[in-house]
Amino acid sequence: MIDLRSDTLTLPTKDMLATILNAQFGDDGRTDSAGRGEDPTVNELEDYAAALLERESAVLFSSGTLANTAALLTHCAPGDKVLIDPVIHMYYSEKAAFSGRFGQLEPVFYQLNAQHKPDLQDIESKLQAGGTSLICIENSHNFTGGTCLNAAQTKAICDLAHRFNVPVHLDGARLFNAAASTGDSAAQLVKHVDSVMFCLSKGLGAPMGSLLLGSGDFIRKARNTRRLLGGGMRQAGVFAAPGLYALKHNIPRLKEDNLNARLFAKACGQLQYIQVQQQIDSNIVMLNAGATGLTPQQFCAEALQRGLYIRPILQNDVRLVFYNAITGEDAENAAKIIRSMDQTF
Ligand SMILES: *Cc1c(COP(=O)(O)O)cnc(C)c1O
């Protein structure tokens, strides 16, 4: 069975888990005047992440959803207008910040261009209309198939936003896959945004955890929002230690996941009915199987019969995600299964 449902399927290794036994712990919820807790391993991870991304401060969350939600609710108040794209994870999957029952932020949609990147002209016209409190972007962009923004493209969006005094929040759940893809460092990719979230729990392979980074002032406020949302923690060094291990050891190999995604697409060759995403930037590949006459659910059930575990995404597509348990040979075998399915219809 080749399981390409998500890079959240990464399992912690023995070496990673061993860091827990040697870590020092404390009560992260007992804070000093700067809002810093007493768990030294959490503090070490936050400082390490801040130094790595060359930002002033960082705060640890149990999940990316909680970190994004806290970021949005720190930047904004209920009723504020937030510029987002229609398939951004924060809106399409997470929802809480934009829900009428919870965050009550008002989404205003900007378009993605033909390359699935934010359309600057459209953003500018939305900004000119006034009343925007925040712009959100995503890098890599999950639901468009791992599309990556490079440092120059990110800076152009931020420069535009800042001309209108609007801050930018970056959902960088797979920021280090984007860095591996673009050749820009992760620090360069986040240099101009006002806040950024990234996940330890995706390709980096830690069991859980996401970091939110920004200015000292912003992170102090975000710590307060985290507490209000019930996201405060105690001996969180238990997952900060594997997270530190992930940041210190697992960044260089992410490029293999990006390569395996391309290897898969290349090995699919020319197909008659199944459309494979053309431009592959990172570790995600989308398929469209509409011409087979199967629904995405039926298509995935058929793939599972043949030993490939994949999932439908959005309305009409199927997503494949490459991560550390998946070898080049797995990628080629997954392509063989897709080719054999294509010949069935
Ligand atoms: C996974 C993911 C998140 C956060 O997800 P959690 O499962 O809550 O950690 C946020 N944004 C994107 C684009 C993601 O893929």
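Refer to the structure presented above.
Now for a description of the structure that goes with this document. From a predicted model like this one, the values you see are computed outputs, not experimental measurements.

### Considering the pairing of strand 7 (residues 195-199)
For a regular strand, side chains alternate in direction, first toward one face of the sheet and then toward the other.
So, step 1. With five of five residues buried, strand 7 lies mostly within the body of the structure.
So, step 2. On strand 7, burial covers both faces: S195, M197 and C199 on one face and V196 and F198 on the other are all buried.
So, step 3. In this sheet, strand 7 lies alongside strand 6 (residues 168-171) in parallel orientation, the contact comprising three bridges. Each bridged residue has a counterpart across the sheet, and for H169 the counterpart in strand 7 is S195.
So, step 4. Taken together, the five bridges between strand 7 and strand 8 (residues 210-214) define a ladder with antiparallel strand orientation.

### Side note on the sheet that holds strand 6
So, step 1. Strand order in the open sheet formed by seven strands is 2-8-7-6-5-3-4, with mixed pairing between adjacent strands. Whereas interior strands pair on both sides, the edge strands pair on one side only; in this sheet they are strand 2 (57-61) and strand 4 (106-109). The average angle at which neighbouring strand axes cross in this sheet is 25 degrees, direction not considered.

### Here's the deal with the state of the cysteines
So, step 1. Applying the stated criterion to the full structure yields zero disulfides.
So, step 2. Free cysteine: C158, not disulfide-bonded; nearest cysteine sulfur from C136 at 11 Å.
So, step 3. The buried category is assigned to C158, whose relative accessible area is 0%.
So, step 4. Looking at C268, it has no disulfide partner, and the nearest cysteine sulfur is the one in C300, 14 Å off.

### Looking at the sheet that holds strand 13 (residues 317-321)
So, step 1. Within the open sheet, the four strands sit side by side as 9-10-13-12. Their pairing is antiparallel. Unpaired on one side and paired on the other, strand 9 (275-276) and strand 12 (311-313) mark the two borders of the sheet.
So, step 2. Note that strand 12 and strand 13 share three bridges and pair antiparallel. Bridged to I313 within strand 13 is D317.

### Topic: the nonpolar core
So, step 1. Ranked by internal contacts, the top residues of the largest apolar core, which has 48 residues, are I135 and F198.
So, step 2. In this structure, V285, V318, A334 and I338 belong to the second largest nonpolar core, which totals 30 residues.

### Brief notes about the pattern of salt bridges
So, step 1. Scanning the entire structure with this criterion turns up 16 salt bridges.
So, step 2. When the shortest N-O distance is used, the salt bridge between D27 and R234 registers 3.2 Å. On the criterion of sequence distance, the pair formed by D27 in the loop between helix 1 (14-22) and helix 2 (40-52) and R234 in the loop between helix 9 (216-228) and helix 10 (237-249) is long-range, its members being 207 residues apart.
So, step 3. Residue R234 is classed as partly exposed on the basis of its relative accessible area of 47%.

### Considerations on the site of the ligand
So, step 1. Within the structure, the ligand sits among 14 residues, and G64, T65, D171, R174 and K202 are positioned closest to it.
So, step 2. One of the side-chain nitrogen or oxygen atoms of H89 is found 3.3 Å away from a nitrogen atom of the ligand.
So, step 3. Here an oxygen atom of the ligand and a side-chain polar atom of R174 are 2.9 Å apart.
So, step 4. Alone, the ligand offers 380 Å² of accessible surface; in the complex the protein occludes 84% of this.
So, step 5. For the shell around the ligand, the secondary structure elements donating two or more residues are helix 3 (64-75), helix 4 (89-94) and strand 7.
So, step 6. Looking at the shell around the ligand, the element that brings in the most residues is helix 3, giving three residues.
So, step 7. Along the lines of polarity and charge, the residues of the shell around the ligand split into three nonpolar, six polar and five charged.

About the criteria used
Residues numbered from 1 in each chain as written. Predicted model: local features only at pLDDT ≥ 70, side-chain atom pairs only at ≥ 80, totals over all residues. Heavy atoms only, no water. Buried < 20%, exposed > 50% of the residue type's maximum accessible area, 1.4 Å probe, protein only. Helix = DSSP H or I, 4+ residues; strand = E, 2+ residues; numbered from the N terminus. Pairing = 2+ DSSP bridges. Axes fitted to C-alpha atoms, helices over the stretch in contact; angles between N-to-C directions. Disulfide = S-S within 2.5 Å. Core = buried A, V, L, I, M, F, W, Y, C linked by side-chain atoms within 4.5 Å. Salt bridge = Lys/Arg side-chain N within 4 Å of Asp/Glu carboxyl O. Near = heavy atom within 4 Å. Polar contact = N/O pair within 3.5 Å; in protein donor to acceptor, adjacent residues only side chain to side chain. Areas by Shrake-Rupley, 256 points an atom, 1.4 Å probe, with all protein chains shown as cover. Nonpolar A, V, L, I, M, F, W, Y, C, P; charged D, E, K, R; others polar.

As far as function goes, none of this settles anything; it's purely spatial.
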